[in-house]
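Descriptive analysis of the structure
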Amino acid sequence: MSQPIRMCIVCRQRALQSELQRLQIIDGKLVEFTKVGRSFYVCHACVKLGDKKFLKVMNHKCKTHHKSIVEFGEIFKEIGSNG
């Protein structure tokens, strides 16, 4: 049986759903998917790089200040290294 393919909103690369991180925006804050509402996918490579393109896309999605995105990126890196 085939697995679902999803696309990273930063680099636009397609990958298996299990290889991407699913996130969502709640009240202007970037959080991991809560299983309710709309969401989007980001690949681990884009999060680890944390370059200008990543910040630009995340700020556009969140409609917020980039400092919170950078802080989330640091938290996400810790989660990714533990899991």
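We now turn to the structure provided with this report. (Residues numbered from 1 in each chain as written. Predicted model: local features only at pLDDT ≥ 70, side-chain atom pairs only at ≥ 80, totals over all residues. Heavy atoms only, no water.)

Moving on, we come to the overall build of the chain. What the chain contains, in helices and strands, is three helices and five strands. Written out in order from the N terminus, the α and β elements of the chain read β-β-β-β-β-α-α-α. Within the span of the chain, comprising 83 residues, buried residues form 30% of the whole. Summarising the internal contacts of the chain: among those between residues at least 6 apart in sequence, 39% fall at separations of at least 24. Carbon and sulfur atoms provide 54% of the accessible area of the chain, an area that totals close to 6000 Å². (Helix = DSSP H or I, 4+ residues; strand = E, 2+ residues; numbered from the N terminus. Buried < 20%, exposed > 50% of the residue type's maximum accessible area, 1.4 Å probe, protein only. Contact = heavy atoms within 4.5 Å. Areas by Shrake-Rupley, 256 points an atom, 1.4 Å probe, with all protein chains shown as cover.)

This part is about the nonpolar core. The biggest cluster of nonpolar side chains holds 17 residues, and the ones touching the most others in it are Ile-9, Val-10, Phe-40, Val-42, Cys-46, Phe-54 and Met-58. Secondary structure elements with two or more residues in this core: β3 (20-26), β5 (40-43), α1 (44-49) and α2 (52-62). Here Val-10 is in contact with Val-42, Cys-46, Lys-53, Phe-54, Val-57 and Met-58, once residues within four sequence places are set aside. (Core = buried A, V, L, I, M, F, W, Y, C linked by side-chain atoms within 4.5 Å.)

Attention shifts here to the sheet that holds strand β4 (residues 29-32). Strand order across the open sheet formed by three strands is β4-β3-β5, with antiparallel pairing between neighbours. Of all the strands in the sheet, just β4 and β5 have a single pairing partner and so form its edges. The sheet shows a mean angle of 45 degrees between the axes of neighbouring strands, direction not considered. Pairing between β3 and β4: four bridges, direction antiparallel. Among the inter-strand pairings, Ile-25 is bridged to a residue of β4, identified as Leu-30. (Pairing = 2+ DSSP bridges. Axes fitted to C-alpha atoms, helices over the stretch in contact; angles between N-to-C directions.)

Of note, Arg-12 is a non-glycine position whose phi angle comes to about 65 degrees, a positive value. With respect to the helices and strands, the residue Arg-12 is situated in the loop between β1 (5-7) and β2 (14-16). Overall, the relative accessible area of 53% leaves Arg-12 in the exposed class. The phi dihedral of Lys-35 falls on the positive side, at around 70 degrees, and the residue is not glycine. Mapped onto the fold, Lys-35 is located in the loop between β4 and β5.

It is worth spelling out the environment of Ile-25 at this point. Take Ile-25: it is sitting in strand β3. Each C-alpha atom of the pair Ile-25 and Met-58 lies 9.7 Å from the other, and the pair is 33 residues apart in sequence.

Applying the stated criterion across every chain, the model contains zero aromatic pairs. In this arrangement the basic side chain of Arg-22 is found over the ring face of Phe-33, its NZ or CZ atom lying 3.9 Å from the centre. (Phe/Tyr/Trp six-rings, centres within 6.5 Å; stacked < 30°, edge-to-face > 60°. Lys NZ or Arg CZ within 6 Å of the ring centre and 35° of its normal.)

Now for the environment of Gln-13. Within the element layout of this structure, Gln-13 appears in the loop between β1 and β2. In contact with Gln-13, not counting residues within four places along its chain, are Arg-6, Met-7 and Cys-8.

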